[in-house]
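Summary of the model geometry
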Amino acid sequence: MTYSYFPGCTLKTKAKELDSYGRKAAEALGVTLEELDDWQCCGAVYPMAKDEIATKLSSVRALNSAKQKSQPLVTICSACHHVIKLVNNDMKNDENIALRANNYLGFDEPYKGETEVIHYLEMLRDKIGFDTIKQKVVNPLKGRKIAAYYGCMLLRPSKEMQFDDPENPTIMEDFIRAIGAEPVEYAFRNECCGGYMTMNDKSLAQKAAGKVVASAKLKGADEIITACPLCLYNLKQNTDGSLPVTFFTELLAEALGVK
Amino acid sequence: MQRIGVFVCWCGSNIAATVDVAKVVESVKGEPGVCFAQDYQYMCSEAGQQLIINAIHEHKLTGIVVCSCSPRMHEATFRKTAEKAGINPYMVEIANIREHCSWIHKDKDEATEKAVILARAAIAKVNLNAPLQPGESAVTKRALIIGGGIAGIQSALDIADAGYKVDIVERSATIGGKMAQLDKTFPTLDCAACILTPKMVEAAQHPNITLYTYSEVESVKGFVGNFDVKIKKKARFVDENKCTGCAVCTTKCPSRKGGNEFNCNLDNRGAVYIPFAQAVPNVAVIDSTRCLHFKTGKCGLCEKVCSAGAIKFDQQDEIIEEKYGAIVVATGFQISDVTKFDEFQYTKHPDVITSLELERIMNAAGPTKGTLLRMSNKEHPKDIVFVQCVGSRDNTARGKCYCSKICCMYTAKHAMLIREKYPDVNVHVFYIDVRTPGKNFDEFYRRAVEQYNVDYIKGMVGKVYENENGRLTVQAVDLLADRRIMLETDMVVLAAAIEPSSGVKDIASMLTASIDTNNFLTEAHPKLRPVESPTAGVFLSGVCQGPKDIPETVSQAGAAAVKVVGLLAKDKLVTNPCTATPNELMCNGCSSCERVCPYGAIDYVEKEVNDHGKREVRRLARVNSALCQGCGACTVACPSGAMDLKGFSNRQIMAEVDAICK
């Protein structure tokens with residue numbers, strides 16, 4: 001299996017582990033991730049404004065590059081996935097945005113949302129299958145009680161993201177089971193960590209992140225995993241640090257024996 | 001060539017505002033056969049009908065076209081008018097320029113053009129119409145009620161009291177339905193069992209009523225006045241005539257792991273059980289999926305303890321065939337699936353329950369003997385939160401777009417009953433709107449607020465979760481105060497949307513009765529024929545037609561019964577003369593028509609035919625015109641074009657198509 005791969009800027013700086021372990025694990029699973037040559041920053045926030053296209057263009061370029069290679073586009077950072085997936089939906093469904101973006105970019109053939117955008121976790125679930133992963137695990141993480149933290153961007157808006165049930169997601173818990181550990185379900189796994197607020201109101205971000213960690217602890221978790229660099233930063237820096245927080249790819253690499 | 005009159009109705013402004021009726025009149029005047037055309041404000045009024053009669057006399061018309069509303073509305077009216085003026089009623093054609101035209105278009109030019117085209121099609125057809133004579137069919141003086149809840153019971157009692165035989169088919173082991181599960185009923189707070197069980201007994205003892213419990217309708221054939229129904233009486237593995245209802249077997253049964261449906265699975269029942277103490281019939285039933293005897297061949301304890309010798313492990317399903325003149329659908333409702341609303345944690349936490357489950361918890365015969373307890377730890381709650389509209393008025397894929405209608409009232413009832421019995425419990429109700437129209441209903445709700453101090457909060461709950469105190473935290477918004485609120489509570493009660501019972505689709509297709517997008521059965525007319533299905537002889541009673549409370553259900557059940565009695569009181573019914581007839585020279589006996597006929601009206605005969613001088617015996621389709629309902633399925637299915645429908649012949653249909661495409 002070969003996929004186009006969009007790492008995103010944070011994965012080249014603050015969240016190198018999310019990227020490096022993701023690549024190693026993919027290799028161990030027999031998947032080739034081809035990093036797009038010409039990817040640019042996704043902007044990290046999906047622009048809701050209908051009257052401007054500038055902030056959508058980098059996503060459209062990446063999507064079109066994947067289309068040229070006839071490959072699905074795999075993302076791994078929650079924010080990148082959120083932005084690219086929603087922009088792709090716009091290119092598919094919003095004639096006005098699609099027309100203006102295509103006019104500006106002037107591809108040989110207009111891009112109309114043809115590329116399939118999948119998150120790394122979706123690739124594990126839908127393309128590889130958790131059962132297959134289970135068989136390839138050489139180092140099952142037995143006895144580890146892991147709380148999956150989804151955050152908000154992977155799940156919502158659920159109708160567009162089509163990732164999982166936003167109120168009762170299971171994909172990360174299934175992932176945790178597949179690598180041999182025990183998932184811990186807790187109330188705040190799908191609540192916002194307050195990450196975006198950390199610059200202008202740190203106390204608010206601390207409050208929100210603190211709730212997530214306390215809620216996971218209450219249910220007996222020993223550690224938290226996430227797919228989002230911003231969440232990871234926030235859950236680490238804006239809490240008492242009592243629970244270790246890691247990227248899900250790190251545990252996958254560990255379980256597959258390639259860490 | 002016919003002499004045709006065209007009558008274009010304004011329908012007040014319903015048609016005339018969107019269709020230029022004068023232009024329609026002018027446009028059709030040159031059509032073949034048309035000798036007269038006129039528009040009028042209300043063609044269905046007495047003056048309008050007189051206008052038609054006068055025109056028929058004056059212009060010696062032989063056929064008429066009325067451009068008006070749907071034929072479902074006034075075809076019968078105008079046929080009578082034609083008959084009064086001395087022409088055959090089947091020489092009338094309706095061009096539907098209201099539902100099919102003016103109501104769905106905005107542009108007047110386009111709508112007018114379409115109205116003219118529809119009128120031309122009807123004119124082309126009426127040119128080929130021939131006078132038809134309706135026949136007669138007999139009426140079987142017996143009614144079938146599908147569903148034994150309060151709706152079915154009431155309809156049955158009313159029909160039986162009028163002197164006709166009625167059979168109730170109920171798929172569960174007892175009649176009583178959802179009402180039997182209720183504790184108290186609004187707005188008077190009398191106990192449901194006290195008012196329902198006497199009716200159940202009356203139904204069982206009525207000389208004109210036969211109960212088929214633990215039975216399902218297997219197939220329905222025939223038509224109004226003459227339905228042939230097969231009923232499957234599922235094996236109870238208990239002899240109904242011998243069982244005394246002593247219930248000894250139910251207490252001895254060792255297989256007790258499965259949930260008790262009557263108590264919403266909040267406790268367990270044995271594999272042999274009587275649904276509840278007042279069940280009618282008061283006869284045990286063995287659930288073969290749970291019974292150890294059926295699973296392992298051993299046990300048989302119930303057989304040993306039954307002093308009446310009623311246990312019959314070898315009992316088989318039985319098929320009962322019966323004829324009916326009328327059928328009442330009273331299949332009721334079920335609670336919709338709340339597992340899709342996981343923000344409320346229904347699947348995860350035992351203290352999050354549905355209102356029907358609370359109903360059982362509050363009931364003296366329920367799993368907690370009527371004591372309000374948290375299901376998680378069996379402790380007395382201090383706070384209860386009710387969430388209304390869970391799945392109702394919800395346009396997303398997981399909910400229902402409609403209002404379930406009963407939830408505001410039963411939630412007020414629950415709140416009030418809890419405050420009355422346990423004044424120390426704080427009750428909070430989250431609502432979108434409180435909708436309490438109905439006699440003494442709003443007063444009832446006001447009493448909950450003003451007299452019982454129930455805390456009503458306008459807003460919805462976004463999340464429920466277990467907190468560090470072992471209680472539940474409810475995260476919500478108070479829209480009136482415009483603030484986010486966090487409430488700590490011990491129980492959360494969800495007023496889940498109601499939906500038509502499972503299996504209603506199968507019943508509807510058996511009866512060829514139509515259902516809407518929410519699986520509610522459709523009435524023949526939403527205002528004027530609310531208890532009749534568009535399928536003749538099929539009537540609707542209770543929630544199967546739309547959400548309603550007990551008083552409304554009972555009224556509708558009575559109304560359906562009156563319609564049934566009106567039908568059964570007739571000795572003969574006029575049959576539709578628009579029936580299918582095969583052309584014997586073209587029929588090749590292939591059986592295609594027989595296969596598609598939903599009424600079993602077609603069979604085959606060996607018959608000698610004279611095919612242009614060649615005499616031979618052929619297998620030919622034969623239509624029983626008493627059974628044929630004129631649906632036309634056979635005319636479409638026939639590969640050789642041998643089947644034709646009177647009044648809707650292939651030639652007539654093609655003439656209409658030609659007129660439209662001209």
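Residues numbered from 1 in each chain as written. Chains lettered and ligands numbered in written order. Predicted model: local features only at pLDDT ≥ 70, side-chain atom pairs only at ≥ 80, totals over all residues.

**Quick look at the overall build of chain A**
Note the threshold: Helix and strand labels come from DSSP, where a helix needs a run of H or I of at least four residues and a strand needs a run of E of at least two; each type is numbered from the N terminus. Backbone-placed C-beta atoms define the burial measure: a residue is buried with 20 or more other C-beta atoms within 10 Å of its own, exposed with 12 or fewer, and partly exposed in between. A pair of residues counts as a contact when their C-beta atoms, built from backbone coordinates, are separated by no more than 7 Å.
Helix and strand counts for chain A stand at 11 helices and 8 strands. With the principal axes as the frame, chain A shows a C-alpha extent of 55 × 45 × 30 Å. Here chain A holds 259 residues, and the buried ones make up 48% of them. Partitioning the intrachain contacts of chain A with sequence separation of at least 6 by distance along the chain shows that 75% fall at a separation of at least 24.

**Some details on the overall build of chain B**
Summing up its helical and strand segments, chain B has 18 helices and 32 strands in all. If one aligns the C-alpha atoms of chain B with their principal axes, the spans along those axes are about 85 × 65 × 40 Å. Here chain B holds 662 residues, and 46% of them are scored as buried. Put simply, of all contacts in chain B between residues at least 6 apart along the chain, 70% involve residues at least 24 apart.

**Section: the interface of chain A and chain B**
The condition is simple: Each residue receives one of three labels: charged for Asp, Glu, Lys and Arg, nonpolar for Ala, Val, Leu, Ile, Met, Phe, Trp, Tyr, Cys and Pro, and polar for the others, Gly being one of them.
With 5 residues of chain A in contact, the opposing surface of chain B contributes 5 residues. Counted by class, the side of chain A that touches chain B contains 2 nonpolar, 1 polar and 2 charged residues.

**Focus on the domain arrangement of chain A**
All names here are of chain A. Test applied: Each domain's extent was defined by an automatic or database domain assignment.
Domain annotation of chain A identifies domain 1 (2-120) and domain 2 (133-255). Computed over C-alpha atoms only, the centres of domain 1 and domain 2 are separated by 23 Å. With 21 residues of domain 1 in contact, the opposing surface of domain 2 contributes 19 residues. Within the residue set of the side of domain 1 that touches domain 2, elements represented by two or more residues are helix H1 (16-28) and helix H3 (78-93). For the side of domain 1 that touches domain 2, a count of residues per class yields 10 nonpolar, 7 polar and 4 charged.

**Side note on the domain arrangement of chain B**
Taken as a whole, chain B is organised into domain 1 (4-126), domain 2 (143-226 + 319-332 + 501-568), domain 3 (248-305), domain 4 (334-499) and domain 5 (580-646). Between the C-alpha centres of domain 3 of chain B and domain 5 of chain B the distance comes to 53 Å.

**Comments concerning the pairing of strand S1 (residues 4-9) of chain B**
Residues and elements named next belong to chain B. Put simply, the rule reads: In this description, strands pair whenever DSSP reports at least two bridges between them.
Of all the 6 residues making up S1, 6 are buried; the element is thus mostly covered by neighbouring parts of the structure. Where burial is concerned, the two faces of S1 agree: the one with Ile4, Val6 and Val8 and the one with Gly5, Phe7 and Cys9 are both buried. For S1 and strand S2 (residues 34-40), the ladder comprises 6 bridges, and the chain directions are parallel. Considered in S2, the bridge of Gly5 is made with Phe36. Of the strand pairs in this sheet, S1 and strand S3 (residues 63-68) are connected by 5 bridges, and their pairing is parallel.

**Digging into the sheet that holds strand S11 (residues 215-223) of chain B**
All names here are of chain B. Counted only if it meets this: Only the contacting stretch of a helix is used when fitting its axis, a line to C-alpha atoms as for every element, and angles between N-to-C directions run 0 to 180 degrees.
With antiparallel pairing, 3 strands are arranged side by side in an open sheet as S11-S12-S15. With one partner strand each, in any of the chains shown, S11 and strand S15 (318-324) form the two edges of the open sheet. Between one strand and the next, the sheet's axes are offset by a mean angle of 20°, whatever the strand orientation. Note: strand S12 (residues 226-233) against S15, 7 bridges, orientation antiparallel. Looking at the pairing, Asp228 lines up with Lys323 of S15.

**Concerning helix H1 (residues 21-28) of chain B**
Residues and elements named next belong to chain B. The line we're drawing: The arc under discussion is defined with respect to the helix axis, by the directions toward the C-beta atoms.
Where H1 is concerned, the buried positions are Val21, Val24, Ser27 and Val28. On an axial view of H1, the arc spanned by its buried residues comes to 120°, and they lie on one face. Buried positions along H1 lie against S1, S2, S3 and helix H5 (108-126).

**Some thoughts on the packing of H1 of chain A against helix H11 (residues 248-255) of chain A**
All names here are of chain A. Our working definition: Should the near helix be turned anticlockwise from the far one by less than a right angle, the crossing is termed left-handed; should it be turned clockwise, right-handed.
Across the interface, H1 lies against H11 with an axial gap of 8 Å and an inter-helix angle of 35°. Once H1 is placed against H11, the crossing between them reads as left-handed. For the pair H1 and H11, contact is made by Glu17, Leu18, Tyr21, Gly22, Lys24 and Ala25 and by Thr249, Glu250, Leu252 and Ala253, respectively. Split by residue class, the contact of H1 with H11 holds 5 nonpolar, 2 polar and 3 charged.

**Comments concerning the sheet that holds strand S1 (residues 2-6) of chain A**
All names here are of chain A. Taken in spatial order, the 4 strands make up an open sheet running S2-S1-S3-S4, and their pairing is parallel. Strands at the two margins of the open sheet, each flanked by one partner only, are strand S2 (32-35) and strand S4 (117-119). On average, each strand axis in the sheet is tilted by 40° relative to the strand beside it, whichever way the strands run. The strands touched by helix H5 (residues 120-128) are strand S3 (73-75) and S4; relative to S4, the strand with the most contacts, the crossing angle is about 95°.

**Side note on the packing of H5 of chain A against helix H8 (residues 171-178) of chain A**
Residues and elements named next belong to chain A. Selection criterion: For classification, angles of less than 35 degrees are called roughly parallel, those exceeding 145 degrees roughly antiparallel, those between 65 and 115 degrees roughly perpendicular, and all remaining angles oblique.
Packing of H5 against H8 brings their axes to within 11 Å, and their N-to-C directions diverge by 70°. Taken together, the axis directions place H5 and H8 in an arrangement best described as roughly perpendicular. As for how H5 packs across H8, the hand of that crossing is left-handed. Residues Leu121, Leu124 and Arg125 of H5 lie in contact with H8, whose contacting residues are Ile171, Met172, Asp174 and Phe175.

**Focus on unusual backbone geometry**
In the segment running from Arg156 of chain A into Pro157 of chain A, the intervening peptide bond is cis, with an omega of -5°. Unusually for a residue other than glycine, Phe237 of chain B sits at a positive phi of about 65°. Examined against the element boundaries, Phe237 of chain B turns out to sit in the loop between S12 and helix H8 (248-252). By C-beta crowding, Phe237 of chain B is classed as buried, having 24 other C-beta atoms within 10 Å.

**Looking at H8 of chain A**
Residue and element names in this part refer to chain A. The buried count for H8 comes to 6 of 8 residues, which makes it a mostly enclosed element. Residues of H8 that are buried include every one of Ile171, Met172, Glu173, Phe175, Ile176 and Ala178, and no others. The inward-facing, buried residues of H8 abut H5, helix H6 (130-136), strand S5 (145-148), strand S6 (182-184) and H11. Just beyond H8, the residue with positive phi is Gly180, at close to 90°.

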